[in-house]
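A closer look at the structure
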Amino acid sequence: MTAEQPTVAVVGAGVIGLSWARLAREHGWTVVVTDPRPDVAELVSSSVGEGADVRVTPDLSDAVRAADLVQENGPERLTVKQQLFTEIGAAAPAQAILATSSSSITASEIADGLTDGVAERLLVGHPFNPPELMPLVEVVPGRRTSPATTDAAVALYRQLGREPVVVGKEIPGFVANRLQGAISREARFLVQSQVVSPADLDTILRNSLGLRWATIGLFEGNVLGGGPGGIRHLFAGVGAQTGGIEPGVPATDAEAVERLITQVEATYGTGPDVYEALRVRRDRRTRAVLDALAADDDDVSDGRRES
Ligand SMILES: NC(=O)c1ccc[n+]([C@@H]2O[C@H](COP(=O)([O-])OP(=O)(O)OC[C@H]3O[C@@H](n4cnc5c(N)ncnc54)[C@H](O)[C@@H]3O)[C@@H](O)[C@H]2O)c1
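What you see is a predicted model, and the numbers here were worked out from it, not measured in a lab.

1. Focus on the pattern of salt bridges
Inspection of the entire model under this criterion finds eleven salt bridges. In this structure, R55 engages D62 in a salt bridge whose closest nitrogen and oxygen atoms are separated by 3.2 Å. Note on D62: relative accessible area 22%, which makes it partly exposed. Of the charged contacts, one joins E255 and R259 as a salt bridge, the two residues approaching to 3.9 Å between their closest N and O atoms. Here E255 pairs with R259, and both are found in helix α13 (residues 254-268), just four residues apart, close to one helical turn. Members of the salt-bridge network, linked through shared partners, are E276, R279, R282 and D283.

So, in structure tokens, the structure goes:
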């Protein structure tokens, strides 16, 4: 890595790639974006900006040539990612960290067929959408990823103001999306069973679990939920009752899914204008929460006892 600010090569300028590009630029990094779409230059200029610190090229090898970090955000298809990393591995500097934003494909799968020199520098750096606002990056090393690569990736994501967490084992969905999946399944079941409307479900979530989990974690909440008796008291009391609730199973046939989609669209609307209005509102409110938490001047680990 150079003494100056790092250079990131953003591969794929879709929803996630452009957001990574904005984040890196905000942090003073040099950003090189590549994507085969013909309008990529205009897209980057309008949504990331222009200047000596932003370069766009349709040539993947050219894009990664001077990268400290390659952050790949192409289509979620194994063969595409394998092909991309074959080319990236051949063109990127020998010390570059090679990360994929993949939500489901593991580094071990992508590394199949790659040389050891490339495979040891490849890992998943899975952001939550949008990466420029959501602090979490799940760092998921593959079987052939070197510990030095994992450490370097964590350091680079910290430099971008993110909160990287190294995931211990490769598992479909990693951690955050498995949790999201579990709640989404229950939410769909509850709406389909007419227990609650989509609007009311979202109101319930925002005003309870959402707010709680923006400030403390789940297990920390368990410790508090038991009062001075802590998690032991919770598990013996309320937890013993709620622990026996069977998870709901949502209907997944086409008709049921269509009904659910129609209900949600009727609640929030649909189309580019709705997307833009909801996106602007989401970003504003997320920033407000992040600013409030930063002003609290607390570190995430502060609530924990250091061992
Ligand atoms: N959307 C999310 O919520 C989310 C969240 C976390 C991670 N991810 C992951 O991020 C990645 C990108 O997702 P997205 O939602 O931004 O997708 P997207 O469809 O918005 O963008 C994909 C981009 O890749 C480009 N592309 C296609 N072929 C390419 C190639 N050969 N080289 C470079 N670019 C190429 C496309 O032109 C497109 O601009 C996926 O791996 C996805 O799993 C997505």
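2. Digging into the domain arrangement of the chain
Along its sequence, the chain is organised into domain 1 (7-166) and domain 2 (176-215 + 251-298). Along the contact surface separating domain 1 from domain 2 lie zero salt bridges. Applying the counting criterion to the domain 1 and domain 2 interface returns one residue pair in polar contact (both at pLDDT 80 or more). For the side of domain 1 that touches domain 2, the per-class residue count stands at six nonpolar, three polar and two charged.

3. So, the site of the ligand
Taken together, 21 residues surround the ligand, and among them I16, D35, E76, K81 and S103 come closest. One nitrogen or oxygen atom from the main chain of V15 is found 3.1 Å from an oxygen atom belonging to the ligand. Within the side chain of S103, one N or O atom sits 2.9 Å away from an oxygen atom of the ligand. Expressed as a share of its isolated accessible area of 840 Å², the protein-covered part of the ligand is 71%. Its residues assigned to classes, the shell around the ligand shows eight nonpolar, nine polar and four charged.

4. So, the side chain of Q71
With respect to the helices and strands, the residue Q71 is situated in strand β4 (residues 69-72). Of the residues examined, Q71 reaches a relative accessible area of 0% and is grouped as buried. For Q71, the side chain forms a polar contact with the side chain of Y157, separated by 2.7 Å. Leave out the neighbours within four places in its chain, and Q71 touches V8, A9, V10, V11, W20, A99, T100, S101, G125 and Y157.

5. Topic: the UniProt feature "domain: 3-hydroxyacyl-CoA dehydrogenase NAD binding" (unreviewed entry) in the chain
Under the present numbering, the feature "domain: 3-hydroxyacyl-CoA dehydrogenase NAD binding" (unreviewed entry) in UniProt falls on residues 7-170. Annotated as residues 7-170, this span is 37% helix and 23% strand, and its ends, taken at the C-alpha atoms, are 28 Å apart.

6. Description of the environment of I245
Along the chain, I245 turns up in the loop between α12 (238-242) and α13. It is 21 Å that separates the C-alpha atoms of I245 and E220, two residues lying 25 residues apart in sequence.

7. Focus on helix α7 (residues 147-159)
It helps to recall that an α-helix has 3.6 residues per turn; residues three or four apart then point in one direction. For α7, with 13 residues, the first-to-last C-alpha span of 19 Å sits near the 18 Å given by 1.5 Å per residue. Within the span of α7, buried status applies to T149, T150, A153, V154, L156 and Y157. Each buried residue of α7 lies within a common arc of 165 degrees when the element is viewed along its axis, so the set occupies one face. Projecting away from the buried face of α7 at angles above 90 degrees are the exposed residues P147, A148, D151 and R158. For α7, the elements touching its buried residues are α1 (15-26), β4, β5 (97-100), β6 (122-127), β7 (136-141) and β8 (163-166). G161 occupies a position one or two residues after α7 and carries a positive phi of about 75 degrees.

8. Section: the pairing of β6
The buried count for β6 comes to six of six residues, which makes it a mostly enclosed element. Across the two faces of β6 the burial is the same, with L122, V124 and H126 and L123, G125 and P127 all buried. Of the strand pairs in this sheet, β5 and β6 are connected by three bridges, and their pairing is parallel. Its bridge partner lying in β6, L98 is registered against L122.

9. Quick look at the pairing of β4
Where burial is concerned, the two faces of β4 agree: the one with L69 and Q71 and the one with V70 and E72 are both buried. Where strand β1 (residues 7-11) lies against β4, four bridges are found, and the strand directions are parallel. Within the sheet, the bridge partner assigned to A9 lies in β4 and is V70. As paired elements, β4 and β5 share four bridges and run parallel to each other. Within β5, the residue paired with L69 across the bridge is I97. Once you follow β4 into helix α4 (residues 78-91) and on to β5, the crossover reads as right-handed.

How each quantity is defined
- Residues numbered from 1 in each chain as written.
- Predicted model: local features only at pLDDT ≥ 70, side-chain atom pairs only at ≥ 80, totals over all residues.
- Heavy atoms only, no water.
- Salt bridge = Lys/Arg side-chain N within 4 Å of Asp/Glu carboxyl O.
- Buried < 20%, exposed > 50% of the residue type's maximum accessible area, 1.4 Å probe, protein only.
- Helix = DSSP H or I, 4+ residues; strand = E, 2+ residues; numbered from the N terminus.
- Domains from an automatic or database assignment.
- Polar contact = N/O pair within 3.5 Å; in protein donor to acceptor, adjacent residues only side chain to side chain.
- Nonpolar A, V, L, I, M, F, W, Y, C, P; charged D, E, K, R; others polar.
- Near = heavy atom within 4 Å.
- Areas by Shrake-Rupley, 256 points an atom, 1.4 Å probe, with all protein chains shown as cover.
- Contact = heavy atoms within 4.5 Å.
- UniProt positions renumbered as here; feature names shortened; annotations may be inferred.
- Expected span 1.5 Å × (residues − 1).
- Arc of directions from axis to C-beta.
- Pairing = 2+ DSSP bridges.
- Right-handed = clockwise from strand over helix to strand, strands pointing away.

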